[in-house]
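Descriptive analysis of the structure
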Amino acid sequence: MASLSFLHSATYLPSHSETTLKPHSSAVSFTVRCTTSSTSSSPPPQKHRRSPDENIRDEARRRPHQLQNLSARYVPFDAPPTSTESYSLDEIVYRSQSGGLLDVQHDFAALKRYDGEFWRKLFDSRVGKTNWPYGSGVWSKKEWVLPEIDDDDIVSAFEGNSNLFWAERFGKQYLQMNDLWVKHCGISHTGSFKDLGMTVLVSQVNRLRKMNKPVVGVGCASTGDTSAALSAYCAAAGIPSIVFLPADKISMAQLVQPIANGAFVLSIDTDFDGCMHLIREVTAELPIYLANSLNSLRLEGQKTAAIEILQQFNWEVPDWVIVPGGNLGNIYAFYKGFHMCKELGLVDRIPRLVCAQAANANPLYLHYKSGFKEDFNPLKANTTFASAIQIGDPVSIDRAVYALKKSNGIVEEATEEELMDATALADSTGMFICPHTGVALTALMKLRKSGVIEANDRTVVVSTAHGLKFTESKIGYHSKNIKEMACRLANPPVKVKAKFGSVMDVLKEYLASNESKC
């Protein structure tokens, strides 16, 4: 019987029982050992289980090879079954022959040799471990991400495994919901969900460079979070990173991240769409690998957040998942993760998806309102506090439309006042969210008010970045210093003289006003 110890760290522990994972149609069995004991005593923990000159990568090298005969390749996105066009993941290619998007296609026939129970147990067995590279929420699903990459080529900060928390007070008090959850992808290495995709892309670049492919660095256009993730992972791998940022359109907290990580940063007098146009031209001329979500590798990492949600619900499917949308790769990535779980027998359905856009940058919303019947029309995005989704010509528009149609999805929008009020309201219940999550919460409130989302629906709002990246907008709101915005939930500090009587008067007034609200 082949042991599954090469896949995760459960077998490092003394064990008295085991679970066998069996492929769907194979004579091979894999054993996951679990620690249980019929006695009250247990062996003392072993210290220094590796020699001083070894690390977790060295340990990974000693494990037997991974599941065999799994593969993935690039194919044209939504290609007809008769299409024969495909590319190795080791090729540097971003678009199909017709100029369309590419997608990473996995060998489902090979994956289906193992049933849903096998995959559930395998993924669950890796949670909370530190074995390389499975301590990552992305690489714990390696067979579904980049099955052929060597563990030595992986660049990871053990990203993923992000918090899925019950938004109890916000749900009960403001939406009369008892099953509202927030998937906080912003609790990650660089503070946003972009880490999930960047670990995959930079790992593949690391592999290409070791193969002597013509890649001298990695470049991206960014509204902030992509550049932070790219610069961090490139720095970890010792790969040069080049960042195109729209001048004066991102927060200082976002700007400082690529600078601190040693990226070559160009501040360009244009918006994100202008930066995107330039980086595509540059990467066509120079051996700089394109890291934007035009590159479908990133979506392979981002889709693992959807798998994590199912895993955290003990493989029960929520009714709704609401995702902020700008360049629109993420809504497709969530669909792809849910779809793979359904196709491979881990669950029996997928949730309905909602893409939430800022009204100042809402090309998908307008396309959705037309019933997707008219040709898509990009627009010039106006300034929004949800700066990461301030995009008028999204690269992944076709992917997003596909995901929404396949999931019976919805698109909603949020004005600047709505998204900032929603952010402040959520923060007042103990969260500390980014404006993009405020967009998603606004969409939820509108759909709840209209009755589309019902009180008992299990609903997940995806929080894409950490609120600490957006303190400037929060300070402006609570200082009531945003032009043409009432900031009705502002909570500014109260100035008071340094006298006991003055402090007591203010506190008594505050406590009395709180008592009257109860």
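Everything in this summary refers to the structure shown in the same document. Please read all numbers here as calculations on a predicted model, not as lab measurements.

Some words on the packing of aromatic side chains
By the definition in use, this model includes 17 aromatic pairs. Arranged with centres 5.6 Å apart and planes meeting at 70 degrees, the rings of Tyr114 and Trp119 form a pair that is edge-to-face. No difference in accessibility class separates Tyr114 from Trp119, as the two residues are buried. Taken together through their ring pairs, the aromatic side chains of Tyr114, Phe118, Trp119, Phe123 and Trp144 make up a single cluster. The ring centre of Phe123 lies 5.9 Å from the NZ or CZ of Lys141, which sits over that ring. Sitting above the plane of the Phe432 ring, Lys474 keeps its charged end 4.5 Å from the centroid.

Regarding the packing of helix H5 (residues 194-210) against helix H6 (residues 225-237)
Here H5 crosses H6 at 40 degrees, and the two axes come no closer than 9 Å. The angle between H5 and H6 places the two elements in the oblique class. The way H5 lies across H6 gives a crossing that is right-handed. Touching Lys194, Asp195, Met198, Thr199 and Val202 of H5 are Asp225, Thr226, Ala229, Leu230, Tyr233, Cys234 and Ala237, all from H6. Residue classes in the contact of H5 with H6 are distributed as 7 nonpolar, 2 polar and 3 charged.

Overview of the side chain of Arg63
With respect to the helices, strands and loops of the structure, Arg63 is situated in the loop between helix H1 (56-62) and strand E4 (72-76). The buried category is assigned to Arg63, whose relative accessible area is 10%. Separated by 2.5 Å, the side chain of Arg63 and the backbone oxygen of Trp132 make a polar contact.

Quick notes on the sheet that holds strand E10 (residues 264-268)
Read across the sheet, 4 strands follow the order E10-E9-E8-E11 without closing on themselves; strand pairing throughout is parallel. Only two strands of the sheet have a single neighbouring strand rather than two, namely E10 and strand E11 (288-290). Within the sheet, the average angular offset between the axes of one strand and its neighbour, ignoring direction, is 25 degrees. In this sheet, strand E9 (residues 241-246) lies alongside strand E8 (residues 217-221) in parallel orientation, the contact comprising 4 bridges. Directly across from Val218, in E9, lies its bridge partner Ser241. Across the face of the sheet, H6 comes into contact with E8 and E9 while running at roughly 170 degrees to E8.

Considering the nonpolar core
With 106 residues, the main nonpolar core has Trp119, Trp144, Tyr289 and Leu364 as its most contacted residues. Counting residues per element, this core draws most heavily on helix H11 (residues 329-343), at 8 residues. Leu364 has contacts with Leu328, Cys355, Gln357, Phe372, Phe376, Ile397, Ala400, Val401, Leu404 and Val411, leaving out every residue within four places of it along the chain. Within the second largest apolar cluster, 36 residues are counted, among which are Leu441, Val461, Met485 and Cys487.

About the cut-offs
Residues numbered from 1 in each chain as written. Predicted model: local features only at pLDDT ≥ 70, side-chain atom pairs only at ≥ 80, totals over all residues. Heavy atoms only, no water. Phe/Tyr/Trp six-rings, centres within 6.5 Å; stacked < 30°, edge-to-face > 60°. Buried < 20%, exposed > 50% of the residue type's maximum accessible area, 1.4 Å probe, protein only. Lys NZ or Arg CZ within 6 Å of the ring centre and 35° of its normal. Axes fitted to C-alpha atoms, helices over the stretch in contact; angles between N-to-C directions. Helix = DSSP H or I, 4+ residues; strand = E, 2+ residues; numbered from the N terminus. Parallel < 35°, antiparallel > 145°, perpendicular 65-115°, else oblique. Left-handed = near helix turned anticlockwise from the far one by under 90°. Contact = heavy atoms within 4.5 Å. Nonpolar A, V, L, I, M, F, W, Y, C, P; charged D, E, K, R; others polar. Polar contact = N/O pair within 3.5 Å; in protein donor to acceptor, adjacent residues only side chain to side chain. Pairing = 2+ DSSP bridges. Core = buried A, V, L, I, M, F, W, Y, C linked by side-chain atoms within 4.5 Å.

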